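Below are the chains, spelled out letter by letter.
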Amino acid sequence: MTTEIKTLVVDADAHVVESPRTWDFLDADEEKYRPALFSSPDRPQTEFWVIDGKPRGTKLPTLAEKQLEELSKRSGYNVVTAVAAREMDDVQLRLDHMDELGVDVQVLHNTLWITSIAELPDTEAALTRCWNRWMADAWHKGQGRLRWSCVVPTMTISEAVVQMRYCKENGAVAVCLRAHEANRHLVDPYFYPLYEEAQRLDLAVVVHVSNADARLSERLKSPYDMGSSFSNLRVPTVTSCHEYIMSEVPTLFPELRWGFVEVCAQWVPWVVKEARRRSRKLSRDVPYDIFPEYRIYAACETDDDLPFILKYAGPDNIVIGTDYGHTDISSETDAIGIFRATDYDITEEEKIKILSDNPRRLYGL
């Protein structure tokens, strides 16, 4: 039976896909940093963004809806979205699609900042400012329904703090960080000023599946991993949650909320069990109810074993996202509808929490 939701339904992990028009939000004196597109002769169908003279993230191909329908049939997961909606050229089209999907609010995350995007601090600062202006524009057009997770220049923490203030004033609800930022772990004291400001501004910290340590990412890639994302992107994202739990960060910033998204939620019991066991052996003071006590939220997928996960996370710290706009292994455009219609052997109250109460708490909505 489909769950009737009478409160705000939140897609906790939706995406925007950068296009050449994204960079139209660069200021005139920042035009020299504009990313260009490049494709190599041996991979003519694949385009890369060129930043600081080097190829960076892959630009997602601009697939037509018919192509996405064919991909959906092959994969068994609906990944159909209109180009103008996922690239934010037509905000109303996106809002109309959200109505069809039964979603009141989407929290928008980037596509490009999954790995390192720049080598020079000035380049990074200019591109994050540009991207954040792009999202601010979408929020102003989105009738309050498009909230977002800002990107910040982690090479320059003082500039990151300044940008966070602008983002908060323009609809941002979180700061997006990578599992590793260059050669630093997220529990490094280097990031404490950023966490202090995020806590003051009531912004969550969201760790989206990612890894900005290029050498580590390359080392972890497996030749047997389709898309080379499990070992080098997903696993580091999970381990960053374990590091957070075992560090002093939760007690130093007692009001800061953390989200870990697009890595499903099957890892939650493993990480919680490991943290409990290790804390006992190391005589560390880690609470038994780790997720609620340390304000940790994880995004589930429709085929997760939710009764098992909720035993470890509790009912108040799991959210759900669609990965709207993408076509990878985590993408399921109609995940919200499927979740509402599926019997997971959990209570209706727990379903409503995952769809509404928990993401509202995570993002301060």
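Please refer to the structure higher up on the page.
Position numbers for residues count from 1 along each chain, tracking the sequence in the order it is written. Given that the model is predicted, a residue must reach a pLDDT of at least 70 before its local features are reported, and side-chain atom pairs must reach 80 or more before they are shown or counted; all residues, however, enter totals for whole chains, interfaces and linings. Side-chain measures were taken over the full set of non-hydrogen atoms in the model, leaving aside hydrogen atoms and water.

Engineer: Give a detailed account of helix 4 (residues 121-141), specifying residues and quantitative values.
Structural biologist: Secondary structure elements are taken from DSSP: a helix is a run of H or I of four residues or more, a strand is a run of E of two residues or more, and numbering for both begins at the N terminus. Helix span, expected: 1.5 Å multiplied by one less than the number of residues in the helix. With 21 residues, helix 4 extends 31 Å from end C-alpha to end C-alpha; this agrees with the ideal 30 Å at 1.5 Å per step. Directly after helix 4, the chain includes Gln143, whose backbone phi takes a positive value near 55 degrees.

Engineer: Provide a residue-level description of the pairing of strand 6 (residues 146-150), including the pertinent values.
Structural biologist: Here the term buried applies to any residue with accessible area under 20% of the maximum for its type, exposed to any over 50%, and partly exposed to those in between, with areas from a 1.4 Å probe on protein chains only. Burial analysis of strand 6 places 4 of its 5 residues in the buried class, the great majority of the element. Bridge count for strand 5 (residues 105-109) against strand 6 is 3 bridges, and the pairing is parallel. By the bridge assignment, Gln106 is partnered in strand 6 with Leu146. Orient the strands so they point away from the viewer; a crossover is then right-handed if the path from the first strand over the helix to the second runs clockwise. In this fold, strand 5 hands off to helix 4, which returns the chain to strand 6; that crossover is right-handed. Across 3 bridges, strand 6 lies against strand 7 (residues 172-177) in parallel orientation. If you follow Ser149 over to strand 7, its bridge partner there is Ala174. Following the backbone out of strand 6, through helix 5 (residues 157-169) and into the adjacent parallel strand 7, one traces a crossover that is right-handed. Whether two strands pair comes down to DSSP finding at least two bridges between them.

Engineer: Lay out the packing of helix 4 against helix 5 in plain terms, naming residues and giving numbers.
Structural biologist: Comment: axis = line fitted to C-alpha atoms, over the contacting stretch for helices; angle = value between 0 and 180 degrees taken between N-to-C directions. Packing of helix 4 against helix 5 leaves a shortest axis separation of 10 Å and a crossing angle of 10 degrees. With respect to their mutual orientation, helix 4 and helix 5 come out roughly parallel. Packed against helix 4, whose contacting residues are Ala125, Thr128, Arg129, Asn132, Arg133, Ala136 and Trp139, the element helix 5 presents Glu159, Gln163, Tyr166, Cys167 and Glu169 at the interface. The residue inventory of the contact of helix 4 with helix 5, partitioned by class, reads 5 nonpolar, 3 polar and 4 charged. To sort the angles, those under 35 degrees are grouped as roughly parallel, those over 145 as roughly antiparallel, those from 65 to 115 as roughly perpendicular, and the leftovers as oblique. The contact criterion used is simple: two residues touch if any of their non-hydrogen atoms lie within 4.5 Å. Here the nonpolar group is Ala, Val, Leu, Ile, Met, Phe, Trp, Tyr, Cys and Pro; Asp, Glu, Lys and Arg are the charged ones; every other residue, Gly included, is treated as polar.

Engineer: Any details on a positive patch on the surface? Residues and values, ideally.
Structural biologist: Every patch collects residues that have over 30% relative accessible area and no salt bridge, joining them within 9 Å if they carry like charges and within 5 Å if they are nonpolar side chains (Val, Leu, Ile, Met, Phe, Trp, Tyr). Areas reported as accessible are Shrake-Rupley estimates using a 1.4 Å probe. Residue values count occlusion only from the protein chains shown. Criterion for a salt bridge: a side-chain nitrogen of Lys or Arg within 4 Å of a carboxyl oxygen of Asp or Glu. Positive residues here are Lys and Arg, negative ones are Asp and Glu, while His and the chain termini are left out of the count. For this purpose, a charge sits on NZ of Lys, CZ of Arg, CG of Asp or CD of Glu. A contiguous patch of positive charge on the surface is contributed by Lys273, Arg277, Arg280 and Lys281. With respect to the helices and strands, Arg280 occurs in helix 10 (residues 268-281). Overall, Arg280 belongs to the exposed group, its relative accessible area being 60%.

Engineer: Provide a residue-level description of the pattern of salt bridges, including the pertinent values.
Structural biologist: Two side chains with opposite charge may pair up if their charged atoms get near one another. Tallied over the entire structure, the rule returns 18 salt bridges. Residues Arg34 and Glu31 are paired through a salt bridge, measuring 2.9 Å at the closest nitrogen-oxygen approach. Between Arg257 and Asp202 there is a salt bridge, with the nearest N and O atoms lying 2.8 Å from each other. One end of the pair, Arg257, is in the loop between helix 9 (249-252) and strand 11 (258-261); the other, Asp202, is in the loop between helix 6 (192-201) and strand 10 (204-208), with 55 residues separating them in the sequence.

Engineer: Outline the side chain of Asn232, listing residues and values.
Structural biologist: Residue position: Asn232 is located in helix 8 (residues 230-246). Sequence-distant contacts of Asn232, defined by excluding residues within four places in its chain, comprise Asn211, Ser217, Leu220 and Lys221.

Engineer: Could you give an account of unusual backbone geometry, naming the residues involved and the relevant values?
Structural biologist: Not every positive phi belongs to a glycine, and Met88 is a case in point at roughly 65 degrees. Along the polypeptide, Met88 turns up in the loop between helix 2 (83-86) and helix 3 (91-101). Even without glycine at this site, Arg295 takes up a positive phi of about 60 degrees.

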